[in-house]
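Observations on the model geometry
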Amino acid sequence: MMKKILTFFLCAVLLTSCSIGNGSSSSGAIQSEPSESSIGTNSTSISEENVYELFSALDKKALPVMRWYFEEAWESLDIAEESVYAPYYKVNDFATIAEMKAATAEVFTANFANIFFYDHAFIDPSGEDTPMYKEIDGQLYRNTDQGGLGWPYKLTDQWYIPYQDDQMIVMAVNTLLLGDETEWNNFLLRNEGGSWKLDSYFEFNPYMEYSNAVTKQKENEIDYAVSS
């Protein structure tokens, strides 16, 4: 199963030239951020250009959210410069953990957020009560001693869609790395509660470890779509 799931996300990289040669690639810039009413939730009725607009709008929101959980986030969360609770500093953009989770859920699925964000941001496994975020006197505070994510990726306008249905879209995008190198990355968008959200993001892929998240039937459908 793990080998098959790995194929799901990475075999599109190996078959890029074939897919592009068959006319599956497109390019273009976002004209405006798509709304749910303009895009809809039925993936089979969405054109490839609108799928790319949807993905690009999510990507634009995703990197700031990633910084909330993996960087110091001074600017991205408007964190106070002084604090009597150092290393905890007041977060001005959100008053509570619930508000921060709600903003996260606009971009990422619950499965993704639970695995990559919440398990380390709001819980301290050491038992020393020093999580990344906690509420103090009814206000959200950030532990500024935690952070340090580097971001080597920049998306190009080369992309194609190896698979899509009503609940799931696989988006393959050529990515520029540091040093002018490029590589193809696969992103999974999932329809959750009537909204399309990111369910994998660059190397952050819950299905490499949690292989039971995709059924065998769906796995076979995706393999067929990518290999064809």
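Notes on the structure follow.

Bringing helix α6 (residues 110-121) into the picture now. Helix length check: α6, at 12 residues, gives a terminal C-alpha distance of 15 Å against a target of 16 Å (1.5 Å per residue), a shortfall beyond 12%. Looking at α6, one finds that the buried residues are F112, A113, F116, F117, Y118 and A121. Down the axis of α6, the buried set is contained in an arc of 155 degrees. They therefore lie on one face. At its buried positions, α6 is contacted by α4 (48-70), α5 (97-104), β3 (133-136) and β8 (195-198).

What follows deals with the packing of aromatic side chains. Summed over the entire model, instances satisfying the criterion amount to 28 aromatic pairs. A centroid spacing of 6.4 Å and a plane angle of 40 degrees characterise the contact between Y52 and F55, whose relative ring orientation is tilted. Pair noted here: Y52 and F55 are both in helix α4, with a separation of three residues, about one helical turn. Exposure class is identical for Y52 and F55. Each is buried. When the ring centre of Y118 is taken as reference, the NZ or CZ atom of K101 above it lies at 4.8 Å. Here K134 stacks its cationic end above the ring of Y88, 4.6 Å away from the centre of that ring.

Moving on: the pattern of salt bridges. The tally for this structure, following the rule as stated, stands at four salt bridges. A salt bridge links D129 to K134; its shortest N-O distance comes to 3.5 Å. Put simply, E192 and K197 hold a salt bridge, and the shortest N to O gap is 3.2 Å. The partly exposed category is assigned to E192, whose relative accessible area is 26%.

Moving on: the pairing of strand β7 (residues 182-192). Buried residues dominate β7, accounting for eight of its 11 residues. Judged from the nine bridges that link them, strand β6 (residues 168-176) and β7 form a sheet pairing that is antiparallel. What sits directly across from V173, in β7, is N185. Connecting β6 to the antiparallel partner β7 that follows it, the hairpin turn spans five residues, and G179 within it adopts a positive phi of roughly 85 degrees. With four bridges connecting them, β7 and β8 associate as antiparallel partners. Among the inter-strand pairings, E192 is bridged to a residue of β8, identified as S195. From the end of β7 to the start of β8, which pair antiparallel, there are two residues, and G193 there has a positive phi angle of about 65 degrees.

Conventions and cut-offs
Residues numbered from 1 in each chain as written. Predicted model: local features only at pLDDT ≥ 70, side-chain atom pairs only at ≥ 80, totals over all residues. Heavy atoms only, no water. Helix = DSSP H or I, 4+ residues; strand = E, 2+ residues; numbered from the N terminus. Expected span 1.5 Å × (residues − 1). Buried < 20%, exposed > 50% of the residue type's maximum accessible area, 1.4 Å probe, protein only. Arc of directions from axis to C-beta. Contact = heavy atoms within 4.5 Å. Phe/Tyr/Trp six-rings, centres within 6.5 Å; stacked < 30°, edge-to-face > 60°. Lys NZ or Arg CZ within 6 Å of the ring centre and 35° of its normal. Salt bridge = Lys/Arg side-chain N within 4 Å of Asp/Glu carboxyl O. Pairing = 2+ DSSP bridges.

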